[in-house]
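# Survey of secondary and tertiary structure
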Amino acid sequence: MGVKFAFFDLNPKESAKELFGREGELDELVHLIKARRWVAVLGPRMVGKTSLIKAANTRLDEMATAIAKYT
Ligand SMILES: Nc1ncnc2c1ncn2[C@@H]1O[C@H](COP(=O)(O)OP(=O)(O)OP(=O)(O)O)[C@@H](O)[C@H]1O
Ligand SMILES: [Mg+2]
């Protein structure tokens, strides 16, 4: 468990709906992972690297579940 404040959460986000303005990066990351490419997510401290990766993981999990459900 990380530190939590009333109005500000320092923990990385876990899903696309919590992420602000990263739809393009999220689509690109998911696409590259599905294509089995090696990807490095680089950027300054606290810019949202971990959040982006966690959101991509969540989306890939959801896709895997969807594929399992509909095939
Ligand atoms: N696109 C975003 N929308 C909403 N909140 C965000 C976004 N990007 C980052 N945050 C918030 O900013 C903070 C830092 O995010 P995160 O931990 O993902 O960054 P990081 O680049 O991995 O940081 P570090 O360099 O410390 O590893 C967290 O509170 C996270 O929820
Ligand atoms: Mg991080």
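Our structure is the block above this text.
Now for a quick tour of the structure.

Thresholds, definitions, all that
Residues numbered from 1 in each chain as written. Chains lettered and ligands numbered in written order. Predicted model: local features only at pLDDT ≥ 70, side-chain atom pairs only at ≥ 80, totals over all residues. Helix = DSSP H or I, 4+ residues; strand = E, 2+ residues; numbered from the N terminus. Buried ≥ 20, exposed ≤ 12 C-beta atoms within 10 Å, placed from the backbone. Contact = placed C-beta atoms within 7 Å. Expected span 1.5 Å × (residues − 1). Near = placed C-beta within 6 Å. Nonpolar A, V, L, I, M, F, W, Y, C, P; charged D, E, K, R; others polar. Arc of directions from axis to C-beta.

## A few points about the overall build of the protein
Helix and strand counts for the protein stand at 2 helices and 0 strands. In terms of principal-axis extent, the alpha carbons of the protein reach across some 45 × 25 × 20 Å. Of all 71 residues assigned to the protein, the portion counted as buried reaches 7%. Across the protein, contacts joining residues at least 24 apart in sequence account for 64% of those joining residues at least 6 apart.

## Focus: helix α1 (residues 23–34)
With 12 residues, α1 extends 16 Å between its outermost C-alpha atoms, agreeing within 8% with the 16 Å of an ideal straight helix rising 1.5 Å per residue. Following α1 by one or two positions, Arg36 has its phi on the positive side, about 60 degrees.

## Observations concerning the environment of Glu62
For Glu62, the position within the fold is in helix α2 (residues 49–70). Given 12 C-beta atoms within a 10 Å radius, Glu62 is considered exposed. The sequence separation of Glu62 and Val30 amounts to 32 residues, and the corresponding C-alpha distance is 12 Å.

## Considerations on the site of ligand 1
The local shell around ligand 1 holds 17 residues, among which Phe20, Gly48, Lys49, Thr50 and Ser51 are the closest. For the shell around ligand 1, the per-class residue count stands at 6 nonpolar, 6 polar and 5 charged.

## With respect to α2
Under the 1.5 Å per step criterion, the end-to-end length of α2 is 32 Å for 22 residues, consistent within 8% with the ideal 32 Å. Among the residues of α2, those classed as buried are Ser51, Leu52, Ala55 and Ala56. Seen from one end, α2 has its buried residues packed into an arc of 135 degrees, which puts them on one side. Exposed side of α2, more than 90 degrees from the buried face: Asp61, Ala64, Thr65 and Ala68 are the residues found there.

## Points about unusual backbone geometry
Backbone geometry at Arg36 places phi at a positive 60 degrees, although glycine is not the residue there. Tracing the sequence through the fold places Arg36 in the loop between α1 and α2. The phi angle at Met46 is positive, at roughly 65 degrees, despite the residue not being glycine. By the secondary structure assignment, Met46 is in the loop between α1 and α2. On the basis of neighbour count, Met46 is assigned to the exposed category, with 10 C-beta atoms found within 10 Å.

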